[in-house]
Amino acid sequence: MPAGARLRHQAFVYDSKDEFVAAMAPFVADGLERGDRVFAATTPANIQALREELGDDAARVDFEESAAWYREPYTTLDAYRRYLDQHANGSIVRVIGEPAWNGSEAQVRQWARYESVINLALADSPAWIVCPYGSATLPDPILAYAEHTHPERVEDGSVTACPGYLSPEDFLPGRPATAPPTAHELPLEGAPFRVLVGEHAREAELSPERVDDFVLAAHEVAANAVKHGAPPFRALVWVHDGELVCQIADSGPGIADPLAGWMPPNGAPNGGWGLPIARQLCDAVEIAPSDAGTIVSLHVNLDD
Amino acid sequence: MLTVVATEPGAFSLSGEVDCSNVTALAESLETAADGHSELRLDMSQLAFIDVSGLRALLEASLLLEERGGELVLLSPRAILRRMIALLGIDGRLTIRETA
């Protein structure tokens, strides 16, 4: 890696395919000319337009469609980490990374957190990541996330600092889901807790495999709360708005590390396996501070 | 509630559940079981639940046996345990076989 090369993470708000190509084709071409590895995850239409503009050079770009690449935030971050390990040998890796912004509100908040967490997780990587945000299709709250989660932005061919940038420690996208009156309270103890979580998951008509996934994820989050948090604890489960949610609250000091559950578990033989597992087994796992402590919410979509 | 039953020399069948409340008992059973054997086979098919603390105990036992030139073999684990092992990226560090 070039000495001192560190992460550059920039937002690029565009309103048309032409504007996308006008900014991204030079970014790619310039990188290829310098010998940088180039990766682009974006929409099928943008991929096609970029390929046409780049001509033969397009063959040297690793393209992925956003809908396939951005399925689950933990997995995507891990895939980027592995891609960078593999390709950043002495050069910069240029990335066009356009999240798909699919899914429930909890999933969208989780993708916003992912954008923020990148600033820490990949801080020492020689990566230059530009994240396109299509203003023609994305709602305002998501466009605001772009401003909060990227230290810089690309606009009219120049790079400026995002005045609204927040550090990952300070970035709190929205509030965790509020329990509806129909929520059931569960005893937060080992086997009885797992039995009840399983019953609610079956009642919500999850497949047997996904019931097992949900029970394990909820168990790990509950075990973490009991081990690291402080009483009083509260565990709730509910079905609302096409989602099955299990929410576990504790009254401890909170999870200080904004990277908790985002880093690969291999490096942590003495702990830190529970959250990465929970993240990968659910559609979204939200960690949020509450007035009393910490609330962790596990979400599973019921329409899949 | 966890039950560990010896089925033949070096082979044990696990049933019930393993979580942080009884993982120490599992670790101790494995340590005792490994005493005098280089290969240890654990029938996992009847184990209804195991969490990451239990998986860590299995991994530690496996590493201990490997150091002695032996092996820990997990027989017929349930699908959720296989998923957990794969998601943690430790599939290369545990030996899994389908049947006894």
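Above: the structure in question.
Residues numbered from 1 in each chain as written. Chains lettered and ligands numbered in written order. Predicted model: local features only at pLDDT ≥ 70, side-chain atom pairs only at ≥ 80, totals over all residues. Heavy atoms only, no water.

(A) Representation of the pattern of salt bridges. All names here are of chain A. This structure, assessed with the given rule, holds 24 salt bridges over all chains. Here Glu-286 ties to Arg-109 by a salt bridge, and the two come within 2.7 Å at their closest N and O atoms. Highlighted residues: Glu-286 in strand 11 (residues 284-289) and Arg-109 in helix 5 (residues 105-121), separated in sequence by 177 residues. (Salt bridge = Lys/Arg side-chain N within 4 Å of Asp/Glu carboxyl O. Helix = DSSP H or I, 4+ residues; strand = E, 2+ residues; numbered from the N terminus.)

(B) Seen up close, the sheet that holds strand 9 (residues 234-240) of chain A. All names here are of chain A. Strands sit in the order 8-9-10-12-11 across an open sheet of 5 strands; the sheet is antiparallel. Only two strands of the sheet have a single neighbouring strand rather than two, namely strand 8 (184-186) and strand 11. Pairwise comparison of adjacent strand axes, ignoring direction, gives a mean angle of 20° for this sheet. Of the pairings in the sheet, the one linking strand 8 to strand 9 comprises 3 bridges and is antiparallel in character. Bridge pairing links Leu-186 to Ala-235 in strand 9. The strands touched by helix 7 (residues 190-203) are strand 8, strand 9 and strand 10 (243-250); relative to strand 8, the strand with the most contacts, the crossing angle is about 155°. Helix-sheet contacts for helix 9 (residues 274-281) involve strand 11 and strand 12 (294-301), and the interaxial angle to strand 11 is about 130°. (Pairing = 2+ DSSP bridges. Axes fitted to C-alpha atoms, helices over the stretch in contact; angles between N-to-C directions. Contact = heavy atoms within 4.5 Å.)

(C) Main features of the packing of helix 7 of chain A against helix 8 (residues 208-228) of chain A. Residue and element names in this part refer to chain A. As a packed pair, helix 7 and helix 8 sit with axes 9 Å apart at the nearest point and diverge in direction by 140°. The angle between helix 7 and helix 8 places the two elements in the oblique class. The chirality of how helix 7 crosses helix 8 is right-handed. In this structure, helix 7 uses Phe-193, Arg-194, Val-197, Gly-198, Ala-201 and Arg-202 to contact helix 8, whose residues at the interface are Val-211, Phe-214, Val-215, Ala-218, His-219 and Ala-222. Looking at the contact of helix 7 with helix 8 residue by residue, the classes come out as 8 nonpolar, 2 polar and 2 charged. (Parallel < 35°, antiparallel > 145°, perpendicular 65-115°, else oblique. Left-handed = near helix turned anticlockwise from the far one by under 90°. Nonpolar A, V, L, I, M, F, W, Y, C, P; charged D, E, K, R; others polar.)

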